[in-house]
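Secondary and tertiary structure notes
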Amino acid sequence: LPPRHMDSVVQIVEALESTDHSFTGTVPELARALGGCRTPGCRVVLGEPPDVPPAPPALSHEQWLLFTQLLHHDAAAPERGAVLAPDGSTVTLGPLLAGIEAGLKRAAGWPVPTVEPPIDALYAVTITEALGASFLLARDGDGNRATLGPGGCWDDVDDPQNYTLLGPPSPIPDAVANGAMDGVLLGAQLARAPIPLADLLRGYYGTGNGTEKGRPPSSYRRRDFGVLTGPGKLEEEVVAMLRLLRVLPPTQELLEDVGPEEVVAIARQAARDFMEFYVECPAIVPRCMWGARPYRGTPKLLTLPLGSVYIHHTFIPSAPCRTFAACAHAMRAMQRFHQDTRGWDDIGYSFVVGSDGYLYQGRGWHWVGAHTKGYNSKGYGVGYVGDFSATLPDPDTIALVRDGFLPCAVQTGRLHRNYTLRGHRQMGRTDCPGNSLFHEIETWHGFK
């Protein structure tokens, strides 16, 4: 089959939108026919799915098979509808195309179904039903049921075919969350100004240009979703969705013993956790996605929470990396140097900061690194890719650590509230992290 990559999806959409009139209807309606919107709430909002049409002549047999597989809803494996986007993130098609259909219908003046309480169709078909259901199912559990996440990894980022989750699945793995956020953002965009779907997807994900042009809009999804959604909006919509599910026959019994106050409490927790996990905290690219070699030897566990963070620059590579491909390449090069030349067990840094909008996992949250001699067990080593002796990282790359990573590490219990922040040069004989970056971090919270 074609790679499970957003490029393949754009090619399918383009073929369906071409002048071949043998395909009637819209791509999102076809997605719904194939199973992209089978849940009770989604059916109430967008209507019963159309019948599955015969394979459109515009598509090859392999393209039709791939599209059918990607839209087949499997509640036990929600990640199966996922594709790899050029920015290195993974996106599930069901919520993405449902949000796009809601936006197109809004633009066409479609009357929103009258339900009590009123719901925002865009959030209902993308995120609030899955989010409400996830936290509803977890409320009686023993605390071990996952409500959000996990991420996952592809077998081959150049020819992605199989996506494997890195832990027990919740109803909202990262790929579903990404698809839902993108569905809200692109649906809202289409509601204002409809354009052909292939153009919309190509522009947003940066497909077809090999992403040499740097950051595509999809790498800003967390920020943009947070701006669009605003405080309180998500909670309000989850409450409305749970109240709707209470009266729908397939989901009535799930909520029959849940009182009105508990509905509000569940929605508050769900919205707060989702916003913290997927909006306030930055995305971290796992080791298996950038192609890490195995750790050598036996890693040593850190004792959390830690009290310090040490800021570095990599110096070599000296140029910031602005695409997933370039950052993953830089990570592999640094790991080779640290293991083969320096003789260390692994890449030294805890985390590495790309200029593509993503953090990259080095040793990660739990293992002692090799970044700041004498202090490796006392703090996290965070390295910016590039030489920042005379220039600064981009403003949003600075903010990724200052306003995203550091508050998130505190919020999730990995870093003390009264942590200290230092540049590498304060702890040893080095110019790292470069004069420009050092003067910048002197202004950050926690700098000593």
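In the block above lies the structure referred to throughout.
Let me begin by describing the structure that accompanies this report. Nothing here was measured: the structure is a model prediction, and the numbers come from that model.

1. Some words on the packing of aromatic side chains
On inspection of all chains with the given rule, the structure shows 14 aromatic pairs. Relative to F225, the ring of Y123 lies with its centre 6.3 Å away and its plane at 55 degrees, an arrangement referred to as tilted. Separated by 102 residues along the polypeptide, Y123 in helix 6 (residues 121-138) and F225 in helix 9 (residues 221-229) bring together distant segments of the chain. Assigned by exposure class, Y123 and F225 land together as buried. Between Y204 and Y205 the ring centres are 4.8 Å apart and the planes differ by 85 degrees, which places this aromatic pair in the edge-to-face class. Owing to a relative accessible area of 7%, Y204 belongs among the buried residues under this scheme. Cluster of aromatic residues (ring-pair linked, three or more members): Y123, F225, F274, F277 and Y278. For K105, the ring lying beneath its charged end belongs to W110, and the centroid distance is 5.4 Å.

2. As for the pattern of salt bridges
Across all of its chains, the model carries 22 salt bridges by this definition. A salt bridge links D346 to R287; the shortest N-O distance between them is 2.7 Å. Pair noted here: D346 is in the loop between helix 13 (324-341) and strand 7 (351-353) and R287 is in helix 12 (residues 287-290), with a separation of 59 residues, a long-range link. The closest approach of N and O atoms between E440 and R402, which form a salt bridge, is 3.7 Å.

3. Some details on the nonpolar core
Formed by 46 residues in total, the largest nonpolar core has its most connected members in L46, I127, L131, F225, L234, L242 and F274. Put simply, the parts of the chain that give this core at least two residues each are helix 3 (40-46), helix 5 (93-107), helix 6, helix 7 (174-192), helix 10 (233-247) and helix 11 (260-280). Ignoring sequence-local partners within four residues, the contact set of F225 consists of Y123, M181, V184, L185, F274, M275 and V279. One finds V10, L185, L186 and L201 within the second-largest nonpolar core, a separate group that totals 33 residues.

4. Some details on unusual backbone geometry
Leave glycine aside and you will find that most residues have negative phi; peptide bonds, for their part, are mostly trans. Each neighbour pair has its own omega, and for G149 with P150 the value is 5 degrees, a cis peptide bond. Mapping P150 onto the fold places it in the loop between helix 6 and strand 3 (152-154). Here the bond from C432 into P433 is cis, since omega is 15 degrees, no more than 30 degrees from zero. Looking at the secondary structure, you find P433 in the loop between strand 10 (415-423) and helix 15 (435-441). Backbone geometry at F315 places phi at a positive 65 degrees, although glycine is not the residue there.

5. Let's talk about helix 8 (residues 197-205)
When we look at burial in helix 8, the residues that qualify are L197, A198, L200, L201, Y204 and Y205. For helix 8, the angular spread of buried residues about the axis comes to 160 degrees, placing them on one side. Those residues of helix 8 that are buried lie in contact with helix 1 (6-17), helix 2 (27-33), strand 2 (90-92), helix 5, helix 7 and helix 9. Residue G206 follows helix 8 closely and has a positive phi angle near 70 degrees.

The rules behind these values
Residues numbered from 1 in each chain as written. Predicted model: local features only at pLDDT ≥ 70, side-chain atom pairs only at ≥ 80, totals over all residues. Heavy atoms only, no water. Phe/Tyr/Trp six-rings, centres within 6.5 Å; stacked < 30°, edge-to-face > 60°. Helix = DSSP H or I, 4+ residues; strand = E, 2+ residues; numbered from the N terminus. Buried < 20%, exposed > 50% of the residue type's maximum accessible area, 1.4 Å probe, protein only. Lys NZ or Arg CZ within 6 Å of the ring centre and 35° of its normal. Salt bridge = Lys/Arg side-chain N within 4 Å of Asp/Glu carboxyl O. Core = buried A, V, L, I, M, F, W, Y, C linked by side-chain atoms within 4.5 Å. Contact = heavy atoms within 4.5 Å. Arc of directions from axis to C-beta.

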